Every structure is written in C-alpha cells, then in structure tokens.
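Structural overview for review
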Amino acid sequence: MRRGLSFRVRSDGRRFIQTVKSSGSNIGGLSKRGEWEIDVDSLEPRPELVPDPAVRARIGLVLPGGLKPLFETRIDRREIVAHEPQGDSLISLALDSGEVRAGSRTRPISEIEFELVRGQNASLYRMALEVLDVVPLRIEPRSKAARRYVLVSGEAAEWRK
C-alpha cells in the first residue's frame with residue numbers, strides 16, 4: 001500500500017491468479033490503474049513472478065513468508081459482456097456479492113463493476129445510467145483494496161463513506 005500497489009492471489013475454480021494493481025487515477029468515477037496478472041500454482045504470493053521488471057523493482061525485496069494476508073474476500077461474481085447498441089463499445093459488467101473479512105471484522109459486499117473492454121469512456125456512463133434506471137447506484141471512487149484496508153485498520157465508520 002505504501003508503494004502505491006495492491007497485491008493479491010485469488011482462486012478462480014482450480015486456477016490461482018496473482019495480480020498486482022497500481023493506485024492509478026480516478027476522474028469522475030472512472031478509474032485507470034495498471035494491472036499485471038500471472039497464473040501461479042497456489043495461494044502463496046510469488047512477487048518474483050510479476051512480469052514487469054519495473055513493477056518488481058517497485059515491490060522491492062520480499063523475503064519468503066514476508067507477505068501475509070490482511071483480509072480475505074469471498075465473492076460470488078456474475079459477469080456479462082455487453083455491446084453498446086449505438087457504437088462499437090464493449091463493456092464488461094460484473095455483479096459481486098459476498099463479504100470481506102479481516103480478523104473478526106466482516107462487511108458485506110454488493111457492487112457492480114463496469115469495465116470498458118473496448119470503445120469510448122462515454123459508453124460506460126451511458127451503460128451506468130441505463131442500469132441506474134432499474135437499480136439505485138452510486139459511484140465508489142476508492143479501489144476495492146483501499147476499502148479493504150479501511151476494514152483492516154478498524155475504521156468501520158469509514159466503510160460506507
């Protein structure tokens with residue numbers, strides 16, 4: 001976190017996927033972050049396998065066992081990919097439902113993530129407005145990892161801000 005990175009290893013069925021994300025930027029609810037993924041053989045973090053040498057340097061030296069989980073997220077994800085009718089944009093919509101746990105603290109998770117696969121940023125806003133006609137939504141500018149760190153630090157009142 002101090003280095004502007006989040007590091008996770010998750011399971012997806014029988015696969016284990018290690019991901020590093022940079023803190024990036026957020027303008028008008030639209031987040032842009034660097035993301036590097038690689039398949040690994042277990043939930044054990046392997047920072048030396050991060051494919052980008054500059055990102056590995058930013059992570060720095062990590063001794064075996066030096067990375068410990070701060071929180072665990074259990075998510076049921078439903079995902080669809082939508083084509084925008086009035087353009088050539090392709091948008092991934094993921095509905096995440098579950099909980100995050102940090103020690104004895106837990107918080108529910110219920111969110112929709114819109115990701116632009118191809119096309120114009122305006123397509124994301126149009127799609128979000130269409131969904132907003134059916135479901136009440138609000139934009140969350142913080143990354144999922146940033147919100148999880150709030151839970152770890154014990155700032156429960158900050159969770160919903």
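Source: prediction; values computed, not measured. (Residues numbered from 1 in each chain as written. Predicted model: local features only at pLDDT ≥ 70, side-chain atom pairs only at ≥ 80, totals over all residues. Heavy atoms only, no water.)

1. Observations regarding the overall build of the protein chain
When you go through the protein chain residue by residue, the secondary structure sums to three helices and eight strands. Listed N to C, the secondary structure of the protein chain is β-β-β-β-β-α-β-β-β-α-α in terms of helices and strands. Considered along the principal axes of its C-alpha atoms, the protein chain spans approximately 50 × 35 × 30 Å. Here the protein chain holds 161 residues, and the buried ones make up 24% of them. For the protein chain, the proportion of contacts with a sequence separation of at least 24, taken over those separated by at least 6, is 46%. Split by element, the accessible area of the protein chain, about 10900 Å² in all, is 53% carbon and sulfur. (Helix = DSSP H or I, 4+ residues; strand = E, 2+ residues; numbered from the N terminus. Buried < 20%, exposed > 50% of the residue type's maximum accessible area, 1.4 Å probe, protein only. Contact = heavy atoms within 4.5 Å. Areas by Shrake-Rupley, 256 points an atom, 1.4 Å probe, with all protein chains shown as cover.)

2. Looking at the pattern of salt bridges
For the structure on display, the rule yields 11 salt bridges. Ionic pairing is found between Asp96 and Arg77, a salt bridge with its closest N-O pair at 2.7 Å. Placement of Asp96 in strand 7 (residues 90–102) and of Arg77 in strand 6 (residues 72–83) is noted, with a sequence separation of 19 residues between them. With relative accessibility at 2%, the residue Asp96 sits in the buried group. Each of Arg77, Asp96 and Glu113 takes part in salt bridges that share partners, so that together they form one network. (Salt bridge = Lys/Arg side-chain N within 4 Å of Asp/Glu carboxyl O.)

3. Concerning the nonpolar core
Formed by Leu30, Ala82, Ile91, Leu93, Leu124, Met127 and Val131, the largest nonpolar core amounts to seven residues. At three residues, the largest contribution of residues to this core is made by helix 2 (residues 121–132). The contacts of Met127, once residues within four sequence positions are left out, are Ala82, Ile91, Leu93 and Phe114. (Core = buried A, V, L, I, M, F, W, Y, C linked by side-chain atoms within 4.5 Å.)

4. Focus: the pairing of strand 2 (residues 15–22)
The side chains of a regular strand alternate between both faces of the sheet. Two elements, strand 1 (residues 5–12) and strand 2, share eight bridges in a ladder whose sense is antiparallel. Looking across to strand 2, one finds that Asp12 is bridged to Arg15. Between strand 1 and strand 2, which pair antiparallel and follow one another directly, the connecting turn spans two residues, one of which, Gly13, has a positive phi of 70°. Pairing between strand 2 and strand 5 (residues 35–40): six bridges, direction antiparallel. Across the sheet, the residue bridging to Phe16 is Val40, located in strand 5. (Pairing = 2+ DSSP bridges.)

5. Remarks on helix 2
An α-helix turns once every 3.6 residues. As a result, residues three or four positions apart point the same way. Taking 1.5 Å as the rise per residue, helix 2 with 12 residues should run 16 Å; its terminal C-alpha atoms sit 17 Å apart, in good agreement. Residues of helix 2 that are buried in the fold lie against strand 4 (30–32), strand 6, strand 7 and strand 8 (105–118). (Expected span 1.5 Å × (residues − 1).)

6. Looking at the confidence of the model for the protein chain
When pLDDT drops low, the exact placement of atoms in the prediction is not to be read closely. Confidence in the prediction for the protein chain averages 84 pLDDT; 94% of positions are at 70 or higher. By mean pLDDT, the top-scoring element of the protein chain is strand 5 (93), and the lowest-scoring one is strand 3 (residues 25–27) (71). This model gives residues 156–161 a pLDDT under 50, and the stretch forms 16 contacts once residues within four places in sequence are excluded. (pLDDT = per-residue confidence, 0-100.)

7. So, the environment of Ile112
Along the polypeptide, Ile112 turns up in strand 8. The exposure class of Ile112 is partly exposed, given its relative accessible area of 30%. A C-alpha to C-alpha distance of 4.5 Å links Ile112 and Leu95, two positions 17 residues apart in sequence. Those residues in contact with Ile112, other than ones at most four positions away along the chain, are Ala94, Leu95, Val131 and Leu137.

8. Details of a nonpolar patch on the surface
Residues Leu129, Leu132, Val134, Val135 and Leu137 make up a contiguous nonpolar surface patch of about 430 Å² in total accessible area. Looking at the element boundaries, Val134 is found in the loop between helix 2 and helix 3 (144–153). (Patch = residues over 30% accessible without salt bridge, like charges linked within 9 Å, V, L, I, M, F, W, Y side chains within 5 Å.)

9. With respect to the sheet that holds strand 5
Spatially, the three strands line up as an open sheet ordered 1-2-5, and their pairing is antiparallel. Both edges of this open sheet fall to strand 1 and strand 5, since each of them pairs with a single strand only. Neighbour to neighbour, the strand axes of the sheet diverge by 20° on average, direction disregarded. (Axes fitted to C-alpha atoms, helices over the stretch in contact; angles between N-to-C directions.)

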